[in-house]
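# Structural features, examined
The primary structure of each chain is shown beneath.
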Amino acid sequence: MKKLVKGNEAVVIGALVAGCDAYYGYPITPASEIAHAASEYFLPLGKVFVQAECEIGAINMVFGSASSGLRTMTASSGPGISLKMEGISYLAGAELPCVIVDVQRVGPGLGNIGPEQSDYYQVVKGGGHGDYRAIVLAPASVEETYRMTIEAFDLADKWRTPVFLLTDATLGQMMEPIDVRQEPTQRSEKPWALDTKPESNNNLVTSIYLDFDDMEVHINQLHDKYQQITDSEAKAEVYGADVPDIVLTGYGITGRMLRSAVDLLKDQGINATLVRPQTLWPFPTKVYQQVVKSGVPVLSVELSRGQFVEDVRLSLPGHSVKHYGRVGGNLPGLDELVEQAKLCLEEAKNV
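A brief structural summary. Small disclaimer: the values here were computed from a predicted structure and weren't measured.

## Observations concerning the packing of helix α3 (residues 55-67) against helix α4 (residues 79-93)
Contact geometry for α3 and α4: axes closest at 8 Å, N-to-C directions at 25 degrees. One finds that α3 runs roughly parallel with respect to α4. Note that α3 runs across α4; the crossing there is right-handed. Contact residues: Glu55, Ile56, Ala58, Ile59, Val62 and Phe63 in α3; Gly80, Leu83, Lys84, Gly87, Ile88, Tyr90 and Leu91 in α4. Looking at side-chain class alone, the contact of α3 with α4 contains nine nonpolar, two polar and two charged residues.

Below, the structure written as structure tokens:
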């Protein structure tokens, strides 16, 4: 069934297709439609919806619900994600699967409700305390938002970890058709969960290990798991020329715009290739190293003064990577991106 929806509503439909049992949240622009849609769709289906008293309350409800083995989610934006970070660290430490949606807005502080991609450090590098990572998925369309929400629940269960869906104000508010159908999901058994069954009475869900050696073992086990995730879950879209004159890269809405820029450059006789990470952690380093050959300039575009570009540069040691960013809620125009690509090419020729 085709359905025309906003990206934020696609999150909720994807969650229901994935078998999400419970939503806990607090409204904040530009993510509020997620809570609105969840309140409309979850309750008639016998699922849990709670508008918490605040973001901190919501993320701690997620902790309790996930501890019982339910498929659980929350969503917020900017300041709300900041408030949730202590709870997200607890979720990671206790290895609790859940899905967290961040519809990025402008910051720092209250900023404004326009689109930005400046939560990259906070979400991808871990904004909470401690030595943890969380899987981060980055859709570039409403359809991909829908499908990645389903995937997020499967990844959360598979690896017993929080999973972020990182969108932005543009993706959350734009309307596009999605193809809604029953999708196969990989819901895992959760013998570790603490629920109403007597056999779960001795299960312990915790992130505290008072013995230093026990804590070290726990952290090392987490990182063994993170290495497995890095080895198996990183992915990216590659689009354009097989032998490029220039490589363009960006994620989310900027990645989508760069795809159009690749086509416009082709019309002008310039062979360009797009690398668009679909996972921001793990970062698709191997894809960059396969696509970007020696001497080919790389233009990295994002809606910030330069956060995502750091991971691009780490993936391409010794390679020159140029950053171009817009901030404040502004999106670059397609002509602007084409001109930046041509300027990057010209600068590379003059080196």
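## Section: helix α11 (residues 308-315)
Among the residues making up α11, those that are buried are Phe308, Val309, Asp311, Val312 and Ser315. One side of α11 carries all its buried residues, which in axial view fall inside an arc of 160 degrees.

## Quick word on empty space enclosed by the protein
In total, this model carries one cavity of 30 Å³ or more according to the counting rule given. Taken as a whole, the largest cavity spans an internal volume of roughly 30 Å³. In this structure, the largest cavity is lined by Leu70, Arg71, Thr72, Pro97, Cys98, Phe153, Ala156, Asp157 and Lys190. Tallying contributions element by element places helix α6 (residues 142-159) first for the lining of the largest cavity, with three residues. Its residues assigned to classes, the lining of the largest cavity comprises five nonpolar, one polar and three charged.

## As for the environment of Ser315
As for its position among the elements, Ser315 is in helix α11. Accessibility expressed as a relative area gives 2% for Ser315, which makes it buried. Each C-alpha atom, one on Ser315 and one on Val12, is 34 Å from the other, the two residues being 303 residues apart in sequence. Ignoring anything within four residues of it in the chain, the contact list for Ser315 reads Phe283, Thr285, Tyr288 and Gln289. A distance of 2.8 Å separates a polar atom in the side chain of Ser315 from the backbone oxygen of Asp311.

## Things to note about the pattern of salt bridges
Evaluated as defined, the whole model comprises 20 salt bridges. Put simply, Lys235 and Glu151 hold a salt bridge, and the shortest N to O gap is 2.9 Å. With Lys235 in the loop between α8 (212-233) and β9 (236-240) and Glu151 in helix α6, this residue pair connects regions lying 84 residues apart in the sequence. Judged by its relative accessible area of 28%, Lys235 falls in the partly exposed class. Judged by relative accessible area, which is 23%, Glu151 ranks as partly exposed. Close ionic contact of Lys322 with Glu347 constitutes a salt bridge, the shortest N to O distance being 3.3 Å. Of the two residues, Lys322 sits in strand β14 (residues 321-325) while Glu347 sits in helix α12 (residues 334-349), which places them 25 residues apart along the sequence. A relative accessible area of 38% places Glu347 in the partly exposed class. Taken together, the salt bridges that share partners define one network made up of Arg71, Asp154, Asp157 and Lys190.

## Observations concerning the sheet that holds strand β3 (residues 48-51)
Strands sit in the order β3-β2-β4-β5-β7-β6-β12 across an open sheet of seven strands; the sheet is mixed. With one partner strand each, in any of the chains shown, β3 and β12 (279-281) form the two edges of the open sheet. The sheet shows a mean angle of 20 degrees between the axes of neighbouring strands, taken without regard to direction. Summarising the sheet, strand β5 (residues 98-104) and strand β7 (residues 162-168) pair through seven bridges and their orientation is parallel. Of the residues in β7, the one forming a bridge with Gln104 is Asp168. Packing of α6 onto the sheet brings it into contact with β4 (72-76), β5, β6 (135-137) and β7, and relative to β7 it is tilted by some 160 degrees.

## So, the packing of helix α9 (residues 252-267) against α12
Remark: α9 packs on α12, axes separated minimally by 9 Å, with the N-to-C direction vectors making an angle of 65 degrees. Note on packing geometry: the crossing formed by α9 with α12 is right-handed. In this structure, α9 uses Met257, Leu258, Ser260, Ala261, Leu264 and Leu265 to contact α12, whose residues at the interface are Leu334, Leu337, Val338, Ala341 and Lys342.

## Focus: a negative patch on the surface
Together, Asp211, Asp213, Asp214 and Glu216 make up a negatively charged patch on the protein surface. By secondary structure assignment, the location of Asp214 is in helix α8. Relative accessible area serves as the criterion here: at 43%, Asp214 is assigned to the partly exposed category.

## Things to note about the nonpolar core
One broad trend across soluble globular proteins is that nonpolar side chains are buried collectively. Tyr23, Met73, Val101 and Leu280 are the most contacted members of the largest nonpolar core, which has 93 residues in total. At nine residues, the largest contribution of residues to this core is made by α6. Leaving out residues up to four positions away in the same chain, Val101 has contacts with Val11, Ile34, Met73, Thr74, Ala75, Ser76, Ile81 and Leu165. Membership of the second largest hydrophobic core comes to 18 residues, among which are Leu248, Leu337, Ala341 and Leu345.

Procedures and definitions
Residues numbered from 1 in each chain as written. Predicted model: local features only at pLDDT ≥ 70, side-chain atom pairs only at ≥ 80, totals over all residues. Heavy atoms only, no water. Axes fitted to C-alpha atoms, helices over the stretch in contact; angles between N-to-C directions. Helix = DSSP H or I, 4+ residues; strand = E, 2+ residues; numbered from the N terminus. Parallel < 35°, antiparallel > 145°, perpendicular 65-115°, else oblique. Left-handed = near helix turned anticlockwise from the far one by under 90°. Contact = heavy atoms within 4.5 Å. Nonpolar A, V, L, I, M, F, W, Y, C, P; charged D, E, K, R; others polar. Buried < 20%, exposed > 50% of the residue type's maximum accessible area, 1.4 Å probe, protein only. Arc of directions from axis to C-beta. 1 Å grid on protein atoms, 1.4 Å probe; cavity = no way out; pocket = protein on both sides within 12 Å on 5 of 7 lines; lining within 4 Å. Points joined across faces, edges and corners; volume = space filled by probe spheres on them. Polar contact = N/O pair within 3.5 Å; in protein donor to acceptor, adjacent residues only side chain to side chain. Salt bridge = Lys/Arg side-chain N within 4 Å of Asp/Glu carboxyl O. Pairing = 2+ DSSP bridges. Patch = residues over 30% accessible without salt bridge, like charges linked within 9 Å, V, L, I, M, F, W, Y side chains within 5 Å. Areas by Shrake-Rupley, 256 points an atom, 1.4 Å probe, with all protein chains shown as cover. Lys, Arg positive; Asp, Glu negative; His and termini not counted. Charge placed at Lys NZ, Arg CZ, Asp CG, Glu CD. Core = buried A, V, L, I, M, F, W, Y, C linked by side-chain atoms within 4.5 Å.

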